[in-house]
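In case you want the letters, here they are:
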Amino acid sequence: MEHHCHVTTDHCHAVKNLVKALVIFQPPDLLRFVTWYLKRRRHVDVPKILLVAPPNHRLDTDKVYVALNIAKSTGVVTIDRRNVLNRHRKKRRDNKDDDDVCDSTNFMTMLLEYMKAKGASEKGWVLLDIPNSNKEADMMISLGILPTHTIVLNKPVDLCKTQMKIDKFNRIYKNIEFEIKMKFRFTLKEINVQGKSIDDITELCLDQIIRQKPSDVPFVPRVIVIGPKGSGHFFVASVLSKRFNLVNVDFDQMLDRKTITSNRKIAEETAYSWLKEKLIEDNCVENGYVIKGFPRTRADFEWLDSTEMAPNRYYIA
């Protein structure tokens, strides 16, 4: 019996890029490098979801079940605000309910630790009750915790009744909802859940997350261009920047500007910090970027890939 192996153009292109990466990085441990490379490719575009619903309403309960169903279907990590706080309390062996006194900075530190412990950057995530303030939303952006999908569940209600029954919690929620819609508007989708079951709501969410046509999904290219000296990769980066209106990030030029008054060698951590500051600027977040001159080593590549502003496209010249 004959067996036919169907090799697509995409497969050939992937193998070609892998070979180029091996030539450029020349890793001492080939097997480990290939494993890491293939794993990275699988997790480049994992879903990262903000799921938002009003408090003191059936939707607030339903969204938990919807999030769990989404996680079951996509493999992402469900991250509930209460779970983040409970993990922190357990870690400190403190049972005191300190949700009200936990400031945004402390909570974001807890969130990053929780995401790292759960492998959320590689698996993807769905956040519940996060962010819960304008400051937290700003900090998410500054830390590079950026959703690929922002889904707001809402249910039309009688306007007069709403005006009569607006309480403190609903006023706070409406302010937060507005901020979330504005700050993450490029990934926003509002879903009317009037008369729909949890399963129906889940299906509508999944349509946005995994079944939507790529052309309909807001996409922000984050590109790295890699190549040896003389390969033309700087020229390629310039062309991509102009063609797709991407921010052209010249790593060497950035270092030169930062160190123009100093002759001291720049520490690796400092250079990483400067680059991250650049990548979380509004124009990079909203329009995307193309980096030239970085990464140079495997350590650089792994650091960039571990950030929430990791590249989702790469070109090897």
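Right above here is the structure, for reference.
Since we're looking at a predicted model, the values are computed, not measured.

1. Re the pattern of salt bridges
Then comes step 1: One pass over the structure, following the stated rule, counts 11 salt bridges.
Then comes step 2: Salt-bridge contacts for Lys 63 lead to Asp 129; the nearest nitrogen and oxygen are separated by 2.6 Å. You can see Lys 63 sitting in helix α3 (residues 58-74) and its partner Asp 129 sitting in the loop between β3 (125-128) and α7 (134-143), a full 66 residues away along the chain.
Then comes step 3: Asp 129 sits in the partly exposed class, given a relative accessible area of 28%.
Then comes step 4: Arg 185 serves as the salt-bridge partner of Glu 286, at 3.5 Å between the closest nitrogen and oxygen. Of this pair, Glu 286 sits in helix α14 (residues 282-287) while Arg 185 sits in the loop between α9 (168-183) and β5 (188-192), and the two are 101 residues apart along the sequence.
Then comes step 5: Through salt bridges with shared partners, a single network forms among Asp 138, Glu 179 and Lys 183.

2. Some thoughts on the sheet that holds strand β2 (residues 77-80)
Then comes step 1: If you trace the 5 strands from one edge of the open sheet to the other, you get β2-β3-β1-β4-β5, paired in parallel fashion. Pairing within the sheet leaves two strands with one partner each, and these edge strands are β2 and β5. Taken over all neighbouring pairs, the strand axes of this sheet differ in orientation by 20 degrees on average, direction set aside.
Then comes step 2: Seen against the sheet, helix α4 (residues 81-92) touches β2 and β3 and runs at an angle of roughly 75 degrees to β2.

3. Some remarks on the nonpolar core
Then comes step 1: Within the largest apolar cluster, 51 residues are counted, with the highest numbers of intra-cluster contacts made by Ile 79, Phe 107, Leu 111 and Ile 130.
Then comes step 2: Of the residues forming this core, the biggest block, 6 residues, is contributed by helix α5 (residues 104-118).
Then comes step 3: Mapping this core onto the domain boundaries places at least three of its residues in each of domain 1 (33-210) and domain 2 (222-316).
Then comes step 4: Dropping the residues within four chain positions of it, Ile 130 is found in contact with Leu 50, Ile 79, Asp 80, Arg 81, Val 84, Phe 107, Met 108, Leu 111 and Met 140.
Then comes step 5: The next biggest cluster of nonpolar side chains, apart from the first, holds 18 residues, and it includes Ile 49, Ile 191, Val 193 and Cys 205.

4. Some points on the environment of Val 126
Then comes step 1: In this structure, Val 126 sits in strand β3.
Then comes step 2: C-alpha of Val 126 to C-alpha of His 149: the two residues are 23 residues apart in sequence and 9.2 Å apart in space.
Then comes step 3: Discounting residues that sit within four places of it in the chain, Val 126 has contacts with Ile 49, Leu 51, Ala 67, Val 76, Val 77, Thr 78 and Ile 79.

Procedures and definitions
- Sequence order as written defines residue numbering, which begins from 1 separately in each chain.
- Side-chain atom pairs in this predicted model are given and counted only at pLDDT of 80 or more, local residue features only at pLDDT of at least 70, and totals for whole chains, interfaces and linings cover all residues.
- Side-chain metrics in this entry use all non-hydrogen atoms of the structure; hydrogen atoms and water are not considered.
- Between Lys or Arg on one side and Asp or Glu on the other, a salt bridge is scored when a side-chain nitrogen of the former is within 4 Å of a carboxyl oxygen of the latter.
- A run of H or I in DSSP becomes a helix once it reaches four residues, and a run of E becomes a strand once it reaches two; helices and strands are each numbered from the N terminus.
- Any residue under 20% of the maximum accessible area for its type is buried, any over 50% is exposed, and the rest in between are partly exposed; the area is computed with a 1.4 Å probe on protein chains only.
- Here, any two strands with at least 2 DSSP bridges between them count as paired.
- Working convention: axes come from line fits to C-alpha atoms, limited for helices to the stretch in contact. Angles between N-to-C directions cover 0 to 180 degrees.
- Contact between two residues is taken to exist if any of their heavy atoms lie within 4.5 Å; hydrogens are not considered.
- Residue types Ala, Val, Leu, Ile, Met, Phe, Trp, Tyr and Cys, when buried and joined through side-chain atoms within 4.5 Å, form a set referred to as a nonpolar core.
- Residue ranges labeled as domains rest on an automatic or database domain assignment.

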